[in-house]
Amino acid sequence: THKLNRRNKMSERNLQFTPEEIESGKTMGILAWIIFLIPLFAARDQRYAMFQTEQAIILAIVGFVVYLGIWILTFIVGQISSGIACLISVLSFLPWVLYLVLWIIGLLGAIQGKTKPLPVIGQYGEKLNLVK
């Protein structure tokens, strides 16, 4: 029943924003993509800013986890074969290109007043409800 209650709370979460909410939270929503801590503490009452902050936080978390995973993989493989570790390091720019693309999508969405979650990872920000 605990999982069911949690699921109900997530489905009750209102991700619809009025034009007034978007306009009043737009500056802080844009700022969330530059440094999410400022709106996290200064704009708690602006729902649109918190939505953008949540999306920026989930991107930062995923980026950190990917970076850490690549670093650990490179280190472990480097103990076995420095050539393969070098190849992993060279190929590791691909996730960072994806990160940059998602960051640009998020920033442009905030500038344009969009309320669509980021592709692939944005749904997890909603599910985890990172900013309460």
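One can find the structure itself at the top, above this paragraph.
Definitions and cut-offs
- Residues numbered from 1 in each chain as written.
- Predicted model: local features only at pLDDT ≥ 70, side-chain atom pairs only at ≥ 80, totals over all residues.
- Heavy atoms only, no water.
- Helix = DSSP H or I, 4+ residues; strand = E, 2+ residues; numbered from the N terminus.
- Buried < 20%, exposed > 50% of the residue type's maximum accessible area, 1.4 Å probe, protein only.
- Contact = heavy atoms within 4.5 Å.
- Areas by Shrake-Rupley, 256 points an atom, 1.4 Å probe, with all protein chains shown as cover.
- Expected span 1.5 Å × (residues − 1).
- Axes fitted to C-alpha atoms, helices over the stretch in contact; angles between N-to-C directions.
- Parallel < 35°, antiparallel > 145°, perpendicular 65-115°, else oblique.
- Nonpolar A, V, L, I, M, F, W, Y, C, P; charged D, E, K, R; others polar.
- Polar contact = N/O pair within 3.5 Å; in protein donor to acceptor, adjacent residues only side chain to side chain.

Caption draft 1: Local environment of the overall build of the chain. Across its full length, the chain carries 7 helices and 0 strands. Here the chain holds 132 residues, and 31% of them are scored as buried. Relative to all contacts within the chain whose residues are 6 or more apart in sequence, the contacts with residues 24 or more apart total 64%. Approximately 8,700 Å² of the chain is accessible, and the part contributed by carbon and sulfur atoms is 69%.

Caption draft 2: Here's a closer look at unusual backbone geometry. Phi at Val120 is positive, roughly 70°, even though this residue is not glycine. One can find Val120 in the loop between helix 6 (93-112) and helix 7 (122-128). Under the relative-accessibility criterion, Val120 is labelled exposed at 65%.

Caption draft 3: Region of the structure containing the environment of Ala43. Note on placement: Ala43 falls in the loop between helix 3 (37-42) and helix 4 (47-80). Here Ala43 falls in the buried class, since its relative accessible area comes to 0%. Separated by 15 residues in the primary sequence, Ala43 and Met28 have C-alpha atoms spaced 6.9 Å apart. Sequence-distant contacts of Ala43, defined by excluding residues within four places in its chain, comprise Met28, Ile38, Ala49 and Met50.

Caption draft 4: Just helix 2 (residues 19-32), in detail. With 14 residues, helix 2 extends 19 Å between its outermost C-alpha atoms, agreeing within 8% with the 20 Å of an ideal straight helix rising 1.5 Å per residue. Among all positions in helix 2, only Ile22, Gly25, Met28, Gly29 and Ala32 are buried. Residues of helix 2 that are buried make contact with helix 3, helix 4 and helix 6.

Caption draft 5: Structural view of the packing of helix 4 against helix 6. At a closest axis distance of 11 Å, the pairing of helix 4 and helix 6 adopts a crossing angle of 175°. Between helix 4 and helix 6, the interaxial angle falls into the category roughly antiparallel. In contact with Tyr48, Gln52, Leu59, Ala60, Gly63, Val66, Tyr67 and Ile70 of helix 4, helix 6 contributes Pro95, Trp96, Tyr99, Leu102, Trp103, Gly106, Gly109 and Ala110. Of the residues that constitute the contact of helix 4 with helix 6, the class distribution is 12 nonpolar, 4 polar and no charged.

Caption draft 6: Representation of the environment of Ser24. Of note, Ser24 is situated in helix 2. When the C-alpha positions of Ser24 and Gln46 are compared, they lie 7.2 Å apart, and in sequence the two are 22 residues distant. Reaching out from Ser24, the side chain makes a polar contact with the backbone oxygen of Glu21 at a distance of 3.3 Å.

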